[in-house]
Amino acid sequence: MATTPRSPLLRNPAVKPSTNVSVVLMGVGSVITVGFILIALLAPLMQSWGWLADPTTALQNPIHQPPSDDYWFGTTRQGYDVFSRTLFATRAAWQVVILATMLSVVIGVPLGMVSGYLGGWLDRALLFFMDTIYTLPGLLLSVTLAFVVGRGVVNAAIALSIAYIPQYYRVVRNHTASVKTELFIEAAQAMGADPWTVLTRYLFLNVIQSVPVLFTLNAADAILVLGGLGFLGLGLPEQVPEWGADIRQALDALPTGIWWTALFPGLALTLMVTGLSLVGEGLNELMNPLQRRENWR
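Residue positions are given per chain, counting from 1 as you read along its sequence in written order. Only residues with pLDDT of at least 70 are given local features in this predicted model, and only at 80 or more are side-chain atom pairs given and counted; all residues enter the totals for whole chains, interfaces and linings. Values shown for side chains rest on all heavy atoms present in the structure; no hydrogens or waters enter the calculation.

Draft legend 1. Spatial organisation of helix H5 (residues 138-149). Put simply, DSSP H or I for four residues or longer makes a helix, DSSP E for two residues or longer makes a strand, and each gets a number counted from the N terminus. Helices are assigned an expected span. That span is 1.5 Å times one less than the residue count. Between its first and last C-alpha atoms H5 spans 16 Å; for twelve residues at 1.5 Å apiece the expected length is 16 Å, and the two agree. Of all the residues in H5, the buried ones are Leu141, Ser142, Val143 and Ala146. Only heavy atoms matter for contacts: two residues are in contact if any of them lie within 4.5 Å across the pair. For H5, the elements touching its buried residues are helix H4 (120-135), helix H6 (153-179) and helix H9 (211-231). Backbone geometry just downstream of H5 places Gly150 in the positive-phi region, at approximately 90 degrees. Exposure classes here rest on a 1.4 Å probe applied to the protein chains alone. A residue is buried below 20% of its type maximum, exposed above 50%, and partly exposed in between.

This is how it looks when you write it as structure tokens:
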């Protein structure tokens, strides 16, 4: 009886299509992300060399100049150089995003470990509090906090971090509650190890495997939220180049055919989010083999 030919991917168990795709996507995302990191680091140096105009100096360039050899991305109605502002906005984005995600990790991970390990009333109270924050829309929560704390890099980072702390708490808390019943934890407790030693020496490295993935994905989301805050006028100070604020200022000129003032900041924001998202998804596929097998079954 004739049999249906099987795909080479299914005949050869050594071929892992999901792994190959994950590596390719993560490689593309890494190239994009490293590119934006280099832009953020080198932008002041390029300005000192005279390759970039001052992004905060207005009325020194022709207004609404289209892209040309002199102004690669054109100019705005205030006379800002769009190319310079687009590149310098990368620095502001990285500063806020890294600070916000680091604050979330520093607060969320220890709380999750303590809550999952000790349990009891503390675990129930923290779980209720974090779930309450988690149910609130992240953008709405960030907008409200940004309105309260005001503008600035640190203030924007605080406004963003509040929405991400419950995510780290939930992931680490669940992993801690699962790992604390393992034999090596019980052996450490039987040998007289105190809770601090168990948490820092035996549990920490076993419950943070998903933190890098969550960190990368939250960084991508934080860029979008920061752009939204800037678009609403609640992000960084006006003199600081910021993609969201530049897009908001460019909206008035769009009906008149001035497209470049909104296009290039929007493309930069989209590309940076895409790069970080690809890195996060690739890490997730590589670090969770069980989920990968389920997706390709």
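So that's the structure; there's more coming.
Draft legend 2. Broad picture of the side chain of Asp246. One can find Asp246 in helix H10 (residues 243-250). A polar contact is formed between the side chain of Asp246 and the side chain of Arg85, at a distance of 3.0 Å. If we skip the residues at most four places from it in the chain, Asp246 touches Arg85, Thr261 and Pro265. We call two N or O atoms a polar contact when they sit within 3.5 Å, provided that within protein one can donate a hydrogen and the other can accept it, with sequence-adjacent residues counted only if both atoms are side-chain atoms.

Draft legend 3. How the structure looks around the packing of helix H3 (residues 82-118) against H4. Between H3 and H4, the least distance of the axes is 7 Å, while the angle of their chain directions is 135 degrees. With respect to H4, the axis of H3 lies oblique. Between H3 and H4 lies a crossing of left-handed hand. Across from Leu111, Val114, Ser115, Gly116 and Leu118 in H3, the residues of H4 making contact are Gly120, Leu122, Asp123, Leu126 and Met130. Taken together, the residues that form the contact of H3 with H4 break down as six nonpolar, three polar and one charged. What counts as an axis is a line fitted to C-alpha atoms, over the stretch in contact for a helix, and the angles between N-to-C directions run from 0 to 180 degrees. Convention used here: angles under 35 degrees read as roughly parallel, angles over 145 as roughly antiparallel, angles from 65 to 115 as roughly perpendicular, and any remaining angle as oblique. Two helices cross in a left-handed way if the nearer one is turned anticlockwise from the farther one by less than a right angle. They cross in a right-handed way if the turn is clockwise. Classification used: nonpolar for Ala, Val, Leu, Ile, Met, Phe, Trp, Tyr, Cys and Pro, charged for Asp, Glu, Lys and Arg, polar for all others including Gly.

Draft legend 4. Quick look at the environment of Thr181. Inspection of the secondary structure puts Thr181 in the loop between H6 and helix H7 (183-190). Separated by 2.9 Å, the side chain of Thr181 and the backbone oxygen of Ser178 make a polar contact.

Draft legend 5. Structural view of the packing of aromatic side chains. Two aromatic rings, drawn from Phe, Tyr or Trp (for Trp, its six-membered ring), form a pair once their centres lie within 6.5 Å of each other, and the interplanar angle then sorts them: stacked below 30 degrees, edge-to-face above 60, tilted otherwise. Across all of its chains, the model carries seven aromatic pairs by this definition. Pairing Phe36 with Trp243 gives two aromatic rings, centres 6.3 Å apart and planes at 80 degrees, and the pair type is edge-to-face. Of the two residues, Phe36 sits in helix H2 (residues 17-48) while Trp243 sits in helix H10, which places them 207 residues apart along the sequence. For the pair formed by Phe36 and Trp243, the shared burial category is buried. Residues Trp259 and Trp260 carry aromatic rings whose centres are separated by 5.5 Å and whose planes lie at 85 degrees to one another, so their mutual orientation is edge-to-face. For Trp260, a relative accessible area of 6% translates into the label buried. Among the aromatic residues, ring-to-ring pairing joins Trp72, Phe73, Phe83, Trp259, Trp260 and Phe264 into one connected group. In our convention, an over-ring charge means Lys NZ or Arg CZ found within 6 Å of a ring centre and within 35 degrees of that ring's normal. The ring of Tyr80 has Arg85 lying over it, and the distance from NZ or CZ to the ring centre is 4.4 Å. Sitting over the ring of Tyr134, Arg170 keeps its end group 4.6 Å from the ring centre.

Draft legend 6. Spotlight on H6. With 27 residues, H6 should reach 39 Å at 1.5 Å per residue; the first-to-last C-alpha distance of 37 Å fits that figure. What the bend at a residue measures is the angle between two axes, fitted to the seven residues ending there and to the seven starting there. Where H6 bends most, the angle comes to about 40 degrees, and this point is Ile162, followed within four residues by the proline Pro166.

Draft legend 7. Inspection of the pattern of salt bridges at higher detail. Here a salt bridge means any side-chain nitrogen of Lys or Arg lying within 4 Å of a carboxyl oxygen belonging to Asp or Glu. What the rule picks out here adds up to four salt bridges. Close ionic contact of Asp246 with Arg85 constitutes a salt bridge, the shortest N to O distance being 3.0 Å. Remark: Arg85 occurs in helix H3 and Asp246 occurs in helix H10; sequence separation between them is 161 residues. Residue Asp131 is joined to Arg170 by a salt bridge in which the shortest nitrogen-to-oxygen separation is 2.6 Å.

Draft legend 8. Up close: the packing of H3 against H9. As a packed pair, H3 and H9 sit with axes 9 Å apart at the nearest point and diverge in direction by 135 degrees. If you check the angle between H3 and H9, you find them oblique. Seen from above, H3 lies across H9 with right-handed handedness. In contact with Ala92, Ala93, Val96, Val97, Thr101, Met102, Val105 and Val109 of H3, H9 contributes Val211, Phe215, Asn218, Ala219, Ala222, Ile223 and Leu226. Residues belonging to the contact of H3 with H9 are distributed by class as follows: 13 nonpolar, two polar and no charged.

Take it as geometry only, folks, not as evidence of what the structure does.
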